[in-house]
Amino acid sequence: ALVDLTYPREQGPRGWAWRAVGGLGTQRELAEALLVGMGDPPDKPAFRQSGLLHILAVSGMHLAIAAALGAWLLTVLGVGWTTRQIALGVLVIGYAWLTGWSPATERALVMTLVVLAMALSAREPHRLAAVCLAALVLVVWQPALASDIGFQLSLVAVLGLVTLGRDLLALRARWLPLQPWPLDRAGWRALLWSARASADGLLIGVAASLATAPVLAWHFGTANPWGSLATILAAVPSTIALWLGLPLLVLGGFVPAGPWEGLYRLVEWNLAALGQIAAWSASWPGAQLLVAAPSTLCAVLWPLLFLPMKDGWALLMRAGVLIALLLLWSG
């Protein structure tokens, strides 16, 4: 007979991380989902209703924030560019291991490693090169991923970001730079930075929402029209919670008796703010709509929205295409 041995997760190879998360008290389950991707917080339905469920699934966003934090720390320490890229690869592999190699994390890991490999090659790749190469590697590695809903959503979201998202950001930078002058005061610089971050976050959210809308409607029959706005509101507390929470896993896990009380409180405050934003945005009228699946013709024509766009005329034409596709969808 086979006997399965079970033991508390705090005693496993990732026990140090679970012990650190355990110090967060009422926000522990939300921290488990956001930082490690293994929790089931009680307010998860609110995240789903508001279109913020992707924040709780450790994916490319989480690895990007972790990589940005690691890149900043390595830069402060004076680590060279090539060594820094290699170290970032090791960092994201370690983070994927920490999450238990979840499918979403594996997809994000492959994408991140492809981007780092292209950076080390010192060449400027095509905007779709990293996405296509990562998708090819994943499908060859695990062919069943082609029918996985999570894979489809993450793939089309990234495709939307590197096509329409990049074009919208470029147009925003051309029409509304929001850049400070050399002698501007710190307060004005902070205000301009906040405006840039909010505008870019909204544009990125619009691109990702348009890319994923047909897939969500096809599989679930739902749409989140306010998801982009809710994502902007949730961006600050979720980013701060990740930036502070990831070092807290290491510090609180390996030196539990250290002076980390203030760090714990800051993470708790941001997690609480994130939960409140999810609950509030879930109460907005039409936060989650029931919609019919798009027709085959509509799904085939939908990629027209993501063709290269370089000026205002192209933007107006794209808006017209979107209206026509929505009429086709609803009709």
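Before any of the text, the structure's been laid out above.
Residues numbered from 1 in each chain as written. Predicted model: local features only at pLDDT ≥ 70, side-chain atom pairs only at ≥ 80, totals over all residues. Heavy atoms only, no water.

Enquirer: Would you take a moment to explain the overall build of the protein for this structure?
Expert: Counting its regular elements, the protein contains 13 helices and two strands. For 331 residues, the compact-globule estimate of 2.2 N^0.38 gives 20 Å, and the protein sits close to it at 21 Å. Dimensions along the principal axes, computed over C-alpha positions, put the protein at roughly 65 × 60 × 45 Å. Partitioning the intrachain contacts of the protein with sequence separation of at least 6 by distance along the chain shows that 69% fall at a separation of at least 24. As displayed, the protein offers around 18,000 Å² of accessible surface, 71% of which is attributable to carbon and sulfur atoms. Counting 19 positive and 15 negative side-chain charges, the protein places the centres of these two groups 9 Å from one another. (Helix = DSSP H or I, 4+ residues; strand = E, 2+ residues; numbered from the N terminus. Rg over C-alpha atoms; globule rule 2.2 N^0.38 Å. Contact = heavy atoms within 4.5 Å. Areas by Shrake-Rupley, 256 points an atom, 1.4 Å probe, with all protein chains shown as cover. Lys, Arg positive; Asp, Glu negative; His and termini not counted. Charge placed at Lys NZ, Arg CZ, Asp CG, Glu CD.)

Enquirer: Where do I start with the side chain of Asn270 in this structure?
Expert: Within the fold, Asn270 resides in helix H11 (residues 261-282). Setting aside residues no more than four positions away along its own chain, Asn270 makes contact with Pro237, Ile240 and Ala241.

Enquirer: Explain the environment of Gly78 to me, please; I cannot follow it from the model alone.
Expert: Of note, Gly78 is situated in the loop between helix H4 (60-76) and helix H5 (81-98). With 184 residues separating them along the chain, Gly78 and Gly262 place their C-alpha atoms 28 Å apart.

Enquirer: Honestly, the nonpolar core in this entry has me stumped. Any pointers?
Expert: A general tendency of soluble globular proteins is for nonpolar side chains to be buried together. One finds Leu24, Leu52, Tyr95, Leu249 and Leu271 to be the most contacted residues of the largest nonpolar core, which totals 45 residues. Put simply, the parts of the chain that give this core at least two residues each are helix H1 (15-21), helix H2 (28-36), helix H3 (44-49), H4, H5, helix H6 (103-120), helix H10 (227-254) and H11. By residue number, the principal contributor to this core is H11, which donates eight residues. For Leu24, the contacting residues outside a window of four places in its chain are Ala31, Leu248, Tyr264, Val267, Glu268 and Leu271. With 15 residues, the next largest nonpolar core counts Leu168, Leu210, Ala314 and Leu325 among its residues. (Core = buried A, V, L, I, M, F, W, Y, C linked by side-chain atoms within 4.5 Å. Buried < 20%, exposed > 50% of the residue type's maximum accessible area, 1.4 Å probe, protein only.)

Enquirer: Looking at this structure, how should I read a nonpolar patch on the surface?
Expert: Residues Leu297, Val300, Leu301, Leu304, Leu307 and Leu328 make up a contiguous nonpolar surface patch of roughly 490 Å² in combined accessible area. When residues in the nonpolar patch are grouped by element, the largest group, three residues, is from helix H12 (residues 296-301). Topologically, Leu297 is positioned in helix H12. (Patch = residues over 30% accessible without salt bridge, like charges linked within 9 Å, V, L, I, M, F, W, Y side chains within 5 Å. Salt bridge = Lys/Arg side-chain N within 4 Å of Asp/Glu carboxyl O.)

Enquirer: When you look at empty space enclosed by the protein in this model, what are you seeing that I'm missing?
Expert: Space left empty within the atom packing is revealed by a probe, the size of a water molecule, rolled over the atoms. On inspection of all chains with the given rule, the structure shows one cavity of 30 Å³ or more. As a volume, the largest cavity reaches approximately 30 Å³. Taken together, Pro103, Glu106, Arg107, Leu138, Trp141, Gln142 and Leu145 form the lining of the largest cavity. Residue assignment for the lining of the largest cavity shows that the elements contributing at least two residues are H6 and helix H7 (129-141). Tallying contributions element by element places H6 first for the lining of the largest cavity, with three residues. (1 Å grid on protein atoms, 1.4 Å probe; cavity = no way out; pocket = protein on both sides within 12 Å on 5 of 7 lines; lining within 4 Å. Points joined across faces, edges and corners; volume = space filled by probe spheres on them.)

Enquirer: When you look at the pattern of salt bridges in this model, what are you seeing that I'm missing?
Expert: Should the charged atoms of two oppositely charged side chains come close, the side chains can pair. Going through the model one piece at a time under the given rule, you end up with four salt bridges. Glu32 is the partner of Arg28 in a salt bridge, and the nearest nitrogen-oxygen pair spans 2.9 Å. A residue pair is termed a helical-turn pair when its members lie 3 or 4 positions apart in one helix, as Arg28 and Glu32 do in helix H2 at four residues. For Glu32, a relative accessible area of 5% translates into the label buried. With a shortest N-O distance of 1.7 Å, Glu261 and Arg265 are connected by a salt bridge. With Glu261 and Arg265 both in helix H11, this residue pair falls four residues apart, about one helical turn.

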